[in-house]
Amino acid sequence: MLERLNQALDHLEACLDREIDMAEVARIAAVSEYHFRRLFSALAGMPLPVYVRRRRMTLAGAEVLAGELTLLDIAVRYGYGSGEAFTRAFRSVHGIGPGEARRTGAVLTAQPRMSFRVVVEGRASMRYRIVEKESFRVVGRKARVPLVHEGVNAAAAAHLEGLDERAVVRMKELVGQEPEGILSAAVYLTDSREEGAEADYWIGVVTGPEAVAGELDSLDVPAGTWAVFDNHGPYPSALQELWRDVFAQWFPSNPYTSRTGPELLRTRPVEIGAETDSQLWIPVERGRGSAGV
């Protein structure tokens, strides 16, 4: 799969001076556009549109300094319909406008071209199973929180601590499906997984699709396939490492891609650094051309 991803990046690189068909880029990678964007964000540490903008401005910066084309010609070449839009994009990457950069010969910022490769790190084997699950409903409380890659997510912790006893009692009454017990669910609002990107964060339980939420919030989830990962380690660092490894190691080496849906986490919060057992549910589907794998 890494070979296909790199072929997709080669195609993207060749299209930087014209409109990029992201569906075609994803087709070359043999995955859906949704999964390609998510996988790129997880592997690269930045959203795909940010990478494309930085690469375009890297190439545009070299042409600005070369002085052979007008600034408007460079803007049009890299897909900007006006000098103002080009200047904003240029400044967002380099910290100065193109006119100033050409006059002063300023030092600019370069985004290197990316490629992906496997790095053997000696990590423990990942334990997982594939589950086909009928439609269900998550019932609980929802809050919007920013993503935090390392350490405690203060907003998520505050949401958990703010649950009233009546809501917790009602959730426990509705428990009846796997994964059992009170859990968390994350619904990402964009393809980005960078630090600070927002998600809808649920504390709730998995119930049947007919369950009555009452005063609680509810989220209906259609039937589908889930990859379930068991984890044991220090809280919360082991979970954050597991999520990273699922996208950086498991997906590239397995015939599955991610699909739209909430990511479910069942864990027992403990003191920071203490050991705990957790279970992560990721919505997946068989990748294209994976029959017989």
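Structure first, text after, so check above.
Residues numbered from 1 in each chain as written. Predicted model: local features only at pLDDT ≥ 70, side-chain atom pairs only at ≥ 80, totals over all residues. Heavy atoms only, no water.

What about the nonpolar core?
Phase 1: Counting residues in hydrophobic clusters, the biggest one holds 43 residues, and the most contacted among them are L12, I20, F36, F40, F229, V246 and F251.
Phase 2: Counting only elements with at least two residues in this core, the list comes to α1 (2–14), α2 (22–29), α3 (33–44), α4 (48–66), β3 (183–188), β6 (224–234), α10 (237–250) and β9 (275–286).
Phase 3: One finds I74, A89, I96 and A106 within the second-largest nonpolar core, a separate group that totals 15 residues. (Core = buried A, V, L, I, M, F, W, Y, C linked by side-chain atoms within 4.5 Å. Buried < 20%, exposed > 50% of the residue type's maximum accessible area, 1.4 Å probe, protein only. Helix = DSSP H or I, 4+ residues; strand = E, 2+ residues; numbered from the N terminus.)

Describing the packing of α3 against α10
Phase 1: Running from N to C, α3 and α10 point in directions that differ by 120°, and their axes come no closer than 9 Å. Both α3 and α10 take part in a crossing whose hand is left-handed. Contacts between α3 and α10 involve R38, L39, A42 and L43 from the first element and W243, F247 and A248 from the second.
Phase 2: Of the residues belonging to the contact of α3 with α10, the class tally is 6 nonpolar, no polar and 1 charged. (Axes fitted to C-alpha atoms, helices over the stretch in contact; angles between N-to-C directions. Left-handed = near helix turned anticlockwise from the far one by under 90°. Contact = heavy atoms within 4.5 Å. Nonpolar A, V, L, I, M, F, W, Y, C, P; charged D, E, K, R; others polar.)

What about the side chain of Q111?
Phase 1: Tracing the backbone through its elements, the reader meets Q111 in the loop between α7 (98–104) and β1 (127–133).
Phase 2: Judged by relative accessible area, which is 12%, Q111 ranks as buried.
Phase 3: In this structure Q111 touches M46, Y51, R54, R55 and T58, once residues within four positions along its chain are discounted.

Structural notes on the side chain of E263
Phase 1: Among the secondary structure elements, E263 is positioned in strand β8 (residues 263–267).
Phase 2: Side chain to side chain, E263 and Y188 meet in a polar contact 3.2 Å long.
Phase 3: Once you skip the residues sitting within four places of it in the chain, E263 turns out to touch R38, S184, A185, A186, Y188, W243, F247, W281, I282 and P283. (Polar contact = N/O pair within 3.5 Å; in protein donor to acceptor, adjacent residues only side chain to side chain.)

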